[in-house]
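Structure at a glance
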Amino acid sequence: MATTVLFEKQGHVGVIRINRPEVANAINAATGRALYETFKQVETDGDIRAVVLTGAGRAFCAGQDLRDEEAMASAAHLGNTVRERYNILIAKMQALPMPVIAAVNGAAAGAGFGLALACDLRIASADAKFTMAFSKIGLAPDSGTSYFLPRLVGVAKALELAWTADVLTAQQALELGVVNQVVPGDQLLEQTLAFAERLGSGPTLAYALTKQAMYANVTANLADALEREAQLQETVGGSHDFIEGVQAFLEKRPPRYTGV
Ligand code: T3D
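Okay, so let's go over this structure. (Residues numbered from 1 in each chain as written. Predicted model: local features only at pLDDT ≥ 70, side-chain atom pairs only at ≥ 80, totals over all residues. Heavy atoms only, no water.)

1. A short note on the overall build of the protein
Put simply, the test is: Helix and strand definitions follow DSSP, with helices as H or I runs of at least four residues and strands as E runs of at least two, each counted in order from the N terminus. In this treatment the radius of gyration is a C-alpha quantity, and the globule benchmark scales as 2.2 Å times the residue count to the 0.38 power. Burial classification: accessible surface area is computed with a 1.4 Å probe over protein chains only, and a residue below 20% of its type maximum counts as buried, one above 50% as exposed, and the rest as partly exposed. Residue contacts are counted whenever heavy atoms from the two residues lie within 4.5 Å of one another. We get accessible surface area from the Shrake-Rupley algorithm with a probe of 1.4 Å; when it comes to residues, only the shown protein chains can shield them. For the charge count, each Lys or Arg is scored as positive and each Asp or Glu as negative, with His and the chain ends excluded. A single reference atom marks each charge: NZ on Lys, CZ on Arg, CG on Asp, CD on Glu.
Of regular secondary structure, the protein possesses ten helices and nine strands. Compactness check: the protein gives a C-alpha radius of gyration of 19 Å against a globular reference of 18 Å for 260 residues, within 12% of the reference. Put simply, the protein has 260 residues, and 45% of those count as buried. A sequence separation of at least 24 residues applies to 66% of the contacts in the protein between residues at least 6 apart. Total accessible area computed for the protein in this model is approximately 13,000 Å², and 56% of it derives from carbon and sulfur atoms. Distance between charge centroids for the protein: 1 Å, based on 22 positive and 27 negative side chains.

2. Quick word on the packing of aromatic side chains
Put simply, the rule reads: Each pair of aromatic rings taken from Phe, Tyr and Trp, with Trp reduced to its six-membered ring, is defined by centres within 6.5 Å and is described as stacked if the planes are under 30 degrees apart, edge-to-face if over 60, and tilted in the remaining cases. Our definition puts a charge over a ring when NZ of Lys or CZ of Arg is within 6 Å of the ring centre and also within 35 degrees of the ring normal.
Under the definition given, this model contains two aromatic pairs. Measuring from ring centre to ring centre gives 5.5 Å for Phe113 and Phe130, while their planes differ by 50 degrees; the resulting arrangement is tilted. Residue Phe113 is found in helix α3 (residues 111-118), and its partner Phe130 is found in strand β7 (residues 129-131); the two are separated by 17 residues along the sequence. There is no split in this pair, since Phe113 and Phe130 are both buried. Between Tyr147 and Phe148 the ring centres are 5.0 Å apart and the planes differ by 85 degrees, which places this aromatic pair in the edge-to-face class. Overall, Tyr147 belongs to the partly exposed group, its relative accessible area being 35%. Sitting over the ring of Tyr147, Arg151 keeps its end group 3.7 Å from the ring centre.

Function-wise, these values are silent; they only describe arrangement.
What follows is the structure, given as structure tokens:
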């Protein structure tokens, strides 16, 4: 595995760290590939029940490496970079059944903002910052930002952030609903890991189906959403975790979930 992306397991939590601190963790071809491969590895590791994505050093991720001349050589190259570097990565992250949490330790810009948005939840350090960045260099949004951001903040605010590329502070991001929590920088990883561990000890089959329902039903009509819920409940209703959850409630003890 290339060292531009580091991976470690902390109990049942997989921690993925983008590791190019000298360029604010900007993504070149090798880093894009390594990120994709790492998420793929997580997908097939039955032991991982939650994932944390973060950056090494002062930044979370500055998006596309603007010194990557090959990727930016022509308009066709740009389209292909988006398809081959970012689209497959965002799709892979979204398809993971377990909770994926961004621990945003610093600047998240352009595609780096997209990576944070493609995580299910975001916990930011107090000095994190977010910018759409694309328009500053004459580009339009990519990496799922035009999909995720309007869903979180509404179309008008998403347009404002995309057109101006204004920088959101962590506190502003919290007020807008872009991040779930803001914590002191020196506690970011510890608090994110604690939250990931908490989710990882939950009924992870039910969590996976919850994730499916939430994302799918954002764009569904009510009838389809209600039917999807009924079908998911049928699936999870046959799980050991459901039996254990009810039993634990009746016996007035904490449940011991296994994710099956
Ligand atoms: O194929 C395609 O191109 C299409 C795909 C596009 C997807 C995109 O992501 S487009 C958007 C690309 N990203 C940007 O435009 C962001 C550019 N960077 C910034 O705005 C700022 O650097 C940050 C807000 C991210 C961080 O600011 P700050 O003040 O904390 O750090 P800094 O001093 O600006 O950056 C630290 C170093 O990282 C610096 O290197 P140096 O001068 O110390 O040698 C800087 O040049 C480098 N760096 C930052 N961002 C990038 C970068 N190097 C290459 N690519 C970057 N994107």
